[in-house]
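Chain and residue survey
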Amino acid sequence: MGGKRGSCLCGQVTYRVDGPLREVVACHCTQCRKTSGHYVAATSAAADDLAISGEVTWYRASTTARRGFCATCGSSLFWAPDGEARFSIFAGTLDGATGLRMTSQICTRNKGDYYDLPDVPVGDD
């Protein structure tokens, strides 16, 4: 799937992916819940396939990754692991139909107590 576009809520940051997108993975870790207000559902793309327009603000979330968001509207957009040429892209920021499906979930031991897990296979925690 190539040529997918996405953006933040206010449109100050837009992006285009000109390569394949991974199926969606749900992450229930505390950082994802804090940054999104719930769990994060994200796809992933090669860094070389991702073109970003506008100013992304990067927050060093841990010693191994950073998170990208729009400083104007606060939309969480990306998660970038150090030393990897890939970006996780928050699936809800993609425009239109994606053709993707949530196929797994991670960090389920950290999930909030206010929701049940989606009916999707659980990966390694």
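Right above here is the structure, for reference.
So, here's what we can say about the structure. Per chain, residue numbering runs from 1 following the sequence as it is written. Note on the predicted model: pLDDT of at least 70 is required for a residue's local features to be given, and 80 or more for side-chain atom pairs to be given and counted; whole-chain, interface and lining totals, by contrast, use all residues. To obtain the side-chain values, all non-hydrogen atoms of the structure were included, while hydrogens and water were left out.

1. Section: the pattern of salt bridges
Each salt bridge in this description consists of a side-chain nitrogen of Lys or Arg and a carboxyl oxygen of Asp or Glu lying within 4 Å of one another. Tallied over the full model, the rule gives 2 salt bridges. A salt bridge links Arg16 to Asp18, with the nearest nitrogen and oxygen atoms 2.6 Å apart. When a residue's accessible area, from a 1.4 Å probe over protein chains only, is under 20% of the maximum for its type it is buried; when over 50% it is exposed; and in between it is partly exposed. For Arg16, a relative accessible area of 27% translates into the label partly exposed. On the basis of relative accessibility, which here comes to 44%, the residue Asp18 falls in the partly exposed class. Two residues, Asp82 and Arg60, come together in a salt bridge whose shortest N-O distance is 2.8 Å. Of the two residues, Asp82 sits in the loop between strand 8 (76-81) and strand 9 (86-90) while Arg60 sits in strand 6 (residues 56-60), which places them 22 residues apart along the sequence. When its relative accessible area of 45% is taken as the criterion, Arg60 is described as partly exposed. Only DSSP runs of H or I with at least four residues qualify as helices, and only runs of E with at least two residues qualify as strands; both kinds are numbered from the N terminus onward.

2. Re the pairing of strand 3 (residues 24-27)
Both faces of strand 3 are covered, namely the face carrying Val24 and Ala26 and the face carrying Val25 and Cys27. As judged from the 4 bridges shared by strand 3 and strand 10 (residues 102-106), these two strands associate in the parallel manner. Across the sheet, Val24 pairs through a bridge with Met102, a residue of strand 10. Across 3 bridges, the pairing between strand 3 and strand 4 (residues 40-46) is antiparallel. Bridge assignment links Val25 to a residue of strand 4, and that residue is Ala42. Two strands qualify as a pair provided DSSP detects at least 2 bridges between them.

3. So, the environment of Asp95
Inspection of the secondary structure assignment puts Asp95 in the loop between strand 9 and strand 10. In this structure Asp95 comes out as partly exposed when scored by relative accessible area, which is 40%. Spatially, the C-alpha atoms of Asp95 and Ala61 are 26 Å apart, while their sequence positions differ by 34 residues.

4. Remarks on the side chain of His28
Mapped onto the elements of the fold, His28 is located in the loop between strand 3 and helix 1 (30-36). A polar atom in the side chain of His28 sits 2.7 Å from the side chain of Tyr115. We define a polar contact as two N or O atoms separated by no more than 3.5 Å, with the added condition that, inside protein, one atom must be a possible hydrogen donor and the other a possible acceptor, whereas residues neighbouring each other in sequence contribute only through side-chain atom pairs.

5. Regarding the sheet that holds strand 7 (residues 65-70)
Ordered in space as 6-7-8-9-4-3-10, the 7 strands form an open sheet in which the pairing is mixed. Whereas interior strands pair on both sides, the edge strands pair on one side only; in this sheet they are strand 6 and strand 10. For this sheet, the mean inter-axis angle between neighbouring strands, taken without regard to orientation, is 30 degrees. For helices, the axis comes from a line fit to the C-alpha atoms of the stretch in contact; other axes are also lines fit to C-alpha atoms, and the angle between any two N-to-C directions lies between 0 and 180 degrees.

6. Points about the sheet that holds strand 1 (residues 4-7)
The strand order 1-2-5 describes an open sheet built from 3 strands, whose pairing is antiparallel. Each edge of the sheet is formed by a strand with only one pairing partner; in this case those strands are strand 1 and strand 5 (50-53). With strand direction ignored, the average angle separating the axes of adjacent strands in the sheet is 15 degrees. Pairing of strand 2 (residues 14-17) with strand 5, which is carried by 4 bridges, proceeds in the antiparallel orientation. Pairing of Val17 across the sheet is with Leu50, part of strand 5.

Keep in mind these numbers describe shape, not what the thing actually does.
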